[in-house]
Structure formats: structure tokens, C-alpha cells
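Analysis of the macromolecular model
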Amino acid sequence: MTNIPHTQIAEPAVTCSTCAACCCQLEVMLITDTGVPQRYIDTDDWGGEVMLRLDDGWCAALDRDTMMCTIYERRPLICREFEMGAPECLTEREGIATAYR
């Protein structure tokens, strides 16, 4: 009988290019001026400026074909600080785990 060696398969790296844009379903407050076009800005129930989300909950600036931000260079500060692979990112990815099966 021959033994087959066990090989540990590495978990795939978390990158925005392999993501289902989970963070694009979060409410994003606009706390600084990064040049977000007015058509993507909404007002929340308390009068604060937030990124506009469409009826299905996705950010209006998300390109649905590529799942990439259409205003990446002018994205809000919160989006800039949401780190790829950070605990918050991983938590959001777990929330829609079906996107990764």
C-alpha cells in the first residue's frame, strides 16, 4: 500500500479583485470632501450626507458588470480606509459567504 502525502492547500488571498464587493452594501457616511459626484450623494434620516444606495442596497457608484467602483479616485474617505483583508472586511465577506462558493 502506498501512502499519498497530505498537502495543505493555502486559503486564497483576500483581494478586491476576487471580492463580491461586500463593502459596497454598507452605509458610507461622507465625512470629508473627496470630490464624490453629487449624483452619488444622498441624505440620511439625520441630515448627514451618505453615499446613495440603490433599492437593492448596493452603492450607486458600483459598476454591476465589473463589481468595481466607478469613482475609485474620488471615493469617500471611509472607503479608502476600509482595508482589504482587515477584520471588518473578512466579517463582511462572511456575511455573503454564498458569493464565494
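Residue numbers here run from 1 along each chain, matching the order of that chain's written sequence. Residues qualify for local features only when their pLDDT is at least 70, as the model is predicted, and side-chain atom pairs are given and counted only at 80 or more; totals for whole chains, interfaces and linings, by contrast, use all residues. In computing side-chain properties, one takes all heavy atoms of the structure into account and sets aside hydrogens as well as water.

As a further point, take the overall build of the chain. Secondary structure counts use DSSP, requiring at least four H or I residues in a row for a helix and at least two E residues in a row for a strand, with both numbered from the N terminus. For the chain, the count of helices and strands is 2 helices and 4 strands. Counting from the amino terminus, helix and strand elements in the chain follow one another as β-β-β-β-α-α. Out of the 101 residues in the chain, the part that is buried amounts to 24%. Contacts are residue-level and defined by heavy atoms, with any inter-residue pair within 4.5 Å sufficient. The contacts of the chain with a sequence gap of at least 6 include a subset with a gap of at least 24, amounting to 50%. Throughout, the Shrake-Rupley method with a 1.4 Å probe supplies accessible areas, and for residues the shown protein chains are the sole cover considered. Summed over all atoms, the accessible surface of the chain reaches about 7,800 Å², with 54% contributed by carbon and sulfur. When accessible area is computed with a 1.4 Å probe and restricted to protein chains, residues below 20% of their type maximum are described as buried, those above 50% as exposed, and intermediate ones as partly exposed.

Here we come to a nonpolar patch on the surface. Among the surface-exposed residues, Met29, Ile31 and Ile78 lie close enough to one another that they form a single nonpolar patch of about 260 Å² accessible area. Tracing the backbone through its elements, the reader meets Met29 in the segment before strand S1 (41-43). With a relative accessible area of 41%, Met29 lands in the partly exposed category. Note that patches include only residues with greater than 30% relative accessible area and no salt bridge, and the join distances are 9 Å for like charges and 5 Å for nonpolar side chains (Val, Leu, Ile, Met, Phe, Trp, Tyr). What counts as a salt bridge is simple: a side-chain nitrogen of Lys or Arg found within 4 Å of a carboxyl oxygen of Asp or Glu.

A few words now on unusual backbone geometry. Within the chain, Met67 stands out as a residue other than glycine whose phi angle is a positive 60°. Among the residues examined, Met67 registers a relative accessible area of 28% and is labelled partly exposed.

On to the environment of Arg39. Secondary-structure assignment places Arg39 in the segment before S1. What makes Arg39 exposed here is its relative accessible area of 58%. Residues Arg39 and Ala60, 21 residues apart in the sequence, show an inter-C-alpha distance of 8.8 Å.

Two cysteine sulfur atoms make up a disulfide if the distance between them is within 2.5 Å. Applying the stated criterion across every chain yields a total of 0 disulfides. Note on Cys24: no disulfide assigned, nearest cysteine sulfur contributed by Cys23 at a separation of 4.3 Å. Assessed through its relative accessible area of 19%, Cys24 is described here as buried. With no disulfide partner, Cys69 has as its closest neighbouring cysteine sulfur the one in Cys59, 6.4 Å distant.

What follows concerns the packing of aromatic side chains. Pairing of aromatic rings covers Phe, Tyr and the six-membered ring of Trp, with a centre-to-centre limit of 6.5 Å; geometry is then stacked below 30 degrees between planes, edge-to-face above 60, and tilted otherwise. Enumeration according to the criterion identifies 0 aromatic pairs in this entry. To sit over a ring, a charge needs its Lys NZ or Arg CZ within 6 Å of the ring centre and within 35 degrees of the ring normal. Sitting over the face of the ring of Tyr72, Arg75 holds its NZ or CZ atom 3.8 Å from the ring centroid.

In this fold, Cys16 is placed in the segment before S1. A sequence separation of 67 residues divides Cys16 from Glu83, and the C-alpha atoms of the two residues are 9.8 Å apart.

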